[in-house]
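Here is what each chain is made of, one letter per residue.
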Amino acid sequence: MSGGQESKAAAPAVLELVHVRKVFARRGQESLAAVEDSSFAVGAGESVGLVGESGSGKTTTAQMVLGLLAPTSGQVLVDGRDVRELGRRERRDLCRAVQAVFQDPMGSFDPRRTLGYSVCEGMRNVGESREEARRRALALFARCGLGAELFSRYPREVSGGQCQRAAIARALAMDPKLLLCDEATSALDATVQRQVVELLSGLCRERGLAMLFISHDLALVGQLCDRVLVMEKGRIVESGPVEEVLLRPRHPYTQRLLASAL
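In this text, all values refer to a predicted model and were calculated from it rather than measured experimentally.

Undergrad: Any chance you could explain the side chain of Arg165 here in plain terms?
TA: Within the secondary structure layout, Arg165 lies in helix α6 (residues 160-172). This buried residue, Arg165, is left without a salt bridge; Glu198 holds the nearest opposite charge, at 7.0 Å. Sequence-distant contacts of Arg165, defined by excluding residues within four places in its chain, comprise Cys144, Gly145, Leu146, Gln195 and Leu199.

Here it is as structure tokens:
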């Protein structure tokens, strides 16, 4: 399990949720509260796991962090700024500051574009020259364990693990402050999962990245994260250092999650 909680606890919050609630209206049915009074922070250089069963509110939380959903109440703060109050230009800055890696690596790429083009695209959109974007993209390919020969390949021409590494390279190309990984390893086999987790861990250390790692896999969270948040029915029912929560869980729901994982 990852360590260093004491040194990272004082890091300034890159992401902070303050009493966030998200309610969905349903025609002819009672409204659904997907997230209830959720508060937590992720500091610079800190990796925080968010775990829970399907339907617990993890993905809704991720969508609010990315600005894809607005909270019904409460605040989602990135670098101290409320996401709901950002103007158009500031929202573009948010897109650079918060980058995501999703569950389906193949589906996250345009099948008509090469991996190299997709990694360069964001850099080109913010004004980098073609030559500089290509140079940086090739360096990111190398750091993410991808050979230069894959630069001109299409997503369908590489493995799932290679495609996910390219997705990580694409996210890093924007020099984000926060990396949000939403079940980013669940579609990969166990060996590739371990390699991707090691890659993410190394990148976070090198770059001082904050990371919110959303997963149902408690073992992976234990390997990668400094702290863990346990979500049940939209509420965070337990949180703390991974060693404490995963080895000495207090809440019955956390205990059930751990028992089902054995």
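Now, onward.
Undergrad: Would you mind going over the packing of α6 against helix α7 (residues 190-207) with me for this structure?
TA: Two quantities define a packed helix pair, namely the angle between the helix axes and the distance between the axes. Closest axis-to-axis distance for the α6/α7 pair is 10 Å, and the angle between their directions is 15 degrees. Taken together, the axes of α6 and α7 are roughly parallel relative to one another. Crossing of α6 against α7: the hand is right-handed. Along its contact with α6, which presents Gly161, Arg165, Ile168 and Leu172, the element α7 presents Val192, Gln195, Val196, Leu199, Leu200, Leu203 and Arg207. Its residues placed into classes, the contact of α6 with α7 shows seven nonpolar, two polar and two charged.

Undergrad: It is not clear to me how the nonpolar core should be interpreted in this structure. Could you clarify?
TA: Grouped together as the largest cluster of nonpolar side chains are 51 residues, with contacts concentrated most on Val101, Phe141, Ile168, Cys181, Leu200, Met211 and Phe213. Apart from residues no more than four positions distant in its own chain, Ile168 is found in contact with Val101, Cys144, Val196, Leu199, Leu200 and Leu203. Within the second largest apolar cluster, 28 residues are counted, among which are Val42, Val78, Ala97 and Ala210.

Undergrad: Can you walk me through the pairing of strand β8 (residues 210-215) in this structure?
TA: Along any regular strand the residues' side chains alternate between the sheet's two faces. Counted residue by residue, β8 has six buried out of six residues, so it is predominantly covered. Side chains of β8 alternate between two faces, with Ala210, Leu212 and Ile214 and Met211, Phe213 and Ser215 buried alike. When strand β3 (residues 47-51) meets β8, the two strands line up parallel, connected through five bridges. The residue of β8 that forms the bridge with Ser47 is Met211. Direction of pairing for strand β7 (residues 178-182) relative to β8: parallel, over a ladder of five bridges. Along β8, the bridge assignment pairs Leu180 with Leu212.

Rules behind the numbers
- Residues numbered from 1 in each chain as written.
- Predicted model: local features only at pLDDT ≥ 70, side-chain atom pairs only at ≥ 80, totals over all residues.
- Heavy atoms only, no water.
- Helix = DSSP H or I, 4+ residues; strand = E, 2+ residues; numbered from the N terminus.
- Buried < 20%, exposed > 50% of the residue type's maximum accessible area, 1.4 Å probe, protein only.
- Lys, Arg positive; Asp, Glu negative; His and termini not counted.
- Salt bridge = Lys/Arg side-chain N within 4 Å of Asp/Glu carboxyl O.
- Contact = heavy atoms within 4.5 Å.
- Axes fitted to C-alpha atoms, helices over the stretch in contact; angles between N-to-C directions.
- Parallel < 35°, antiparallel > 145°, perpendicular 65-115°, else oblique.
- Left-handed = near helix turned anticlockwise from the far one by under 90°.
- Nonpolar A, V, L, I, M, F, W, Y, C, P; charged D, E, K, R; others polar.
- Core = buried A, V, L, I, M, F, W, Y, C linked by side-chain atoms within 4.5 Å.
- Pairing = 2+ DSSP bridges.

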